[in-house]
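Architecture at a glance
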Amino acid sequence: MSIETKDDRPSNPECPWLPRTIDQILFKDNNRDFKKAMFQKIEKLITSRCFSLELLRISLLLELMHGFKKKSKMTEESRLRFNIRGSIFEMLKDSLQTFPNSKISTLTTSSQYYDPARNEYFFDRDPEAFNFILNAFVTGELHVPKHMCGAVIRQEMEFWNIPKDSVSECCWQVYFRFEEQVEYLTEIKRDEAKHQVLHTPRDKTNKDGIRCVVWNTLSNPGYSNVAMVIIWYYFYLFVVGLSTVIFCLSTVPELRTVSYLSDLSEHNVTKITNLKLRHLLFEDPLPVLLAVEMFCLLVFTFELILSISFCPRRLVFIKKWINIVNIILVISMWTTLALELDKEEIIENHSASHVYLITKAFNMLRLLLFVRLERQFKAFRVLLLAVRASAKELLLMCLSFMIAVLIFSSLMFYSEIYFTDSSYYNIFITMWWAIVTMTTVGYGDLYPTTTVGYIIGSLCTMCGLLILALPVAVIASNFSSYYACNNYRERYINFTRRNNISKSD
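The rules we used
Residues numbered from 1 in each chain as written. Predicted model: local features only at pLDDT ≥ 70, side-chain atom pairs only at ≥ 80, totals over all residues. Heavy atoms only, no water. 1 Å grid on protein atoms, 1.4 Å probe; cavity = no way out; pocket = protein on both sides within 12 Å on 5 of 7 lines; lining within 4 Å. Points joined across faces, edges and corners; volume = space filled by probe spheres on them. Helix = DSSP H or I, 4+ residues; strand = E, 2+ residues; numbered from the N terminus. Nonpolar A, V, L, I, M, F, W, Y, C, P; charged D, E, K, R; others polar. UniProt positions renumbered as here; feature names shortened; annotations may be inferred. Salt bridge = Lys/Arg side-chain N within 4 Å of Asp/Glu carboxyl O. Buried < 20%, exposed > 50% of the residue type's maximum accessible area, 1.4 Å probe, protein only.

Attention now moves to empty space enclosed by the protein. Taken as a whole and judged by the stated rule, the model has four cavities of 30 Å³ or more. Put simply, the largest cavity is a space of about 200 Å³. Lining the largest cavity are 16 residues, and of these Leu290, Glu293, Glu340, Lys360 and Asn363 lie nearest its centre. Mapped by element, the contributors of at least two residues to the lining of the largest cavity are helix H8 (227-249), helix H11 (287-310) and helix H13 (321-340). Take the lining of the largest cavity: its biggest share by element is five residues, from H11. Grouping the amino acids of the lining of the largest cavity by side-chain chemistry returns nine nonpolar, three polar and four charged.

Moving on, we get to the UniProt feature "transmembrane region" (unreviewed entry) in the protein. On the UniProt side, "transmembrane region" (unreviewed entry) is annotated at positions that read residues 231-252, 286-309, 321-341, 353-373, 394-413, 425-444 and 451-476 here. For residues 425-444, the end-to-end C-alpha separation is 16 Å, with 60% helix and 0% strand making up the annotated structure. The distance separating the terminal C-alpha atoms of residues 451-476 is 39 Å; by composition the span is 100% helix and 0% strand.

Turning our attention to the pattern of salt bridges. This model, assessed by the stated rule, comprises nine salt bridges. With a closest N to O distance of 2.7 Å, Arg85 and Asp124 form a salt bridge. With Arg85 in the loop between strand E1 (79-84) and strand E2 (87-92) and Asp124 in the loop between strand E4 (120-123) and helix H4 (127-139), the pair connects residues that are 39 residues apart, well separated along the chain. The salt bridge partner of Glu156 is Arg125, with a shortest N-O separation of 3.2 Å. With a gap of 31 residues between them, Glu156 in helix H5 (residues 150-160) and Arg125 in the loop between E4 and H4 connect regions that are remote in the sequence. Under the relative-accessibility criterion, Glu156 is labelled buried at 5%. A network of salt bridges, in which partner residues are shared, links Arg79, Arg81, Glu90, Arg118 and Glu120.

Here you go:
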């Protein structure tokens, strides 16, 4: 756009002497070449004869241009200045409307943070985090940096009164990861606190007494590095493993001999024809196996009596599920031994035989005593915590599995209903088939015989794989998170312990 200087027709009522074209350039088009053109015009006017009149017009025009520039220029009153630990930040006051209830929006010159000498607000906060807070005022969303701890961002948001719903959707994972880690650590600490309750005597003044020492020796392998504590712990686990092996070997016919624990009449011997029952009732384990079994039973009984006697919190001790299993195991083993001394009663009395078989099966509960490994091996305890944390997912898996079993069992039953050779006599049988198929066991005792049945069986297998495989990833993820948090916590505890020892020395 060119600037015409010869057109002196007035266009501005306030300045009738202002040329029309220059007026349009200055107040409407805001041409960037205006200043350059004006300087060129000044040079021409200086060499011209009408210097005084034109020079007056030019000077007035320059004055107007300077006022326009000053008016459009951002003033200091429109900005806020912050000093965050020596780092200077500035922002427009117009951005305060993004979060009107925040601390920044409510700042005044009478605030305790205001420095009148420097006309700024000083805060002893993290300058890097404050930069993201200011960005939230500009964009309306808070973006959480991945390299910064979530606790720092959480504290900054609470200090500046930034609402939590302002966190951007793309940063939810980084923002809530901090909460997940806190939950994992809280669960680990809560589990350790429950375990420590058993080792805390009611009378804390007697925490080094004989009772407390015996109790920690029996139940807490990390109580001391004394050889007796370590030997007892591993000896007990060895007895549990040995007892399990003996229990399995005692069912082998070649390792059983004629009954010598009780006398049997000829009538009772010929009364039972079932081969497995004859081996179980009319034969006893070899004396060596029985002696080892009795030794293991005495160790379990001795350990249980000592634990109950020396435990500082007996009620808490009895409520723990592993101790309930231990009590049931000892009772069932002694009951089984008592019944084996009088097998005549087992053969003649059906109730006694049922009790004998039930208690015999309960003897396998000794395997659960290996759970005590979690006291020494932290990874085993983390696995139990991960399974417990995945209870909802496991419950959902069981519910989905049962729904799928009911659906496919009904479809299979009615798809084979016209075939008399089919083995599916009712839906309960097809439910068994669906469970075996979905778990990919496939015994082969039941199978479809029609094309539709084959299709339903294929769909049933694929659904079973999906339903059972998906929760495994959740459990693995929980285990990985618990294991990492517990590992870091153990490293911190060991570091603190070594540091305290070095200071004491």
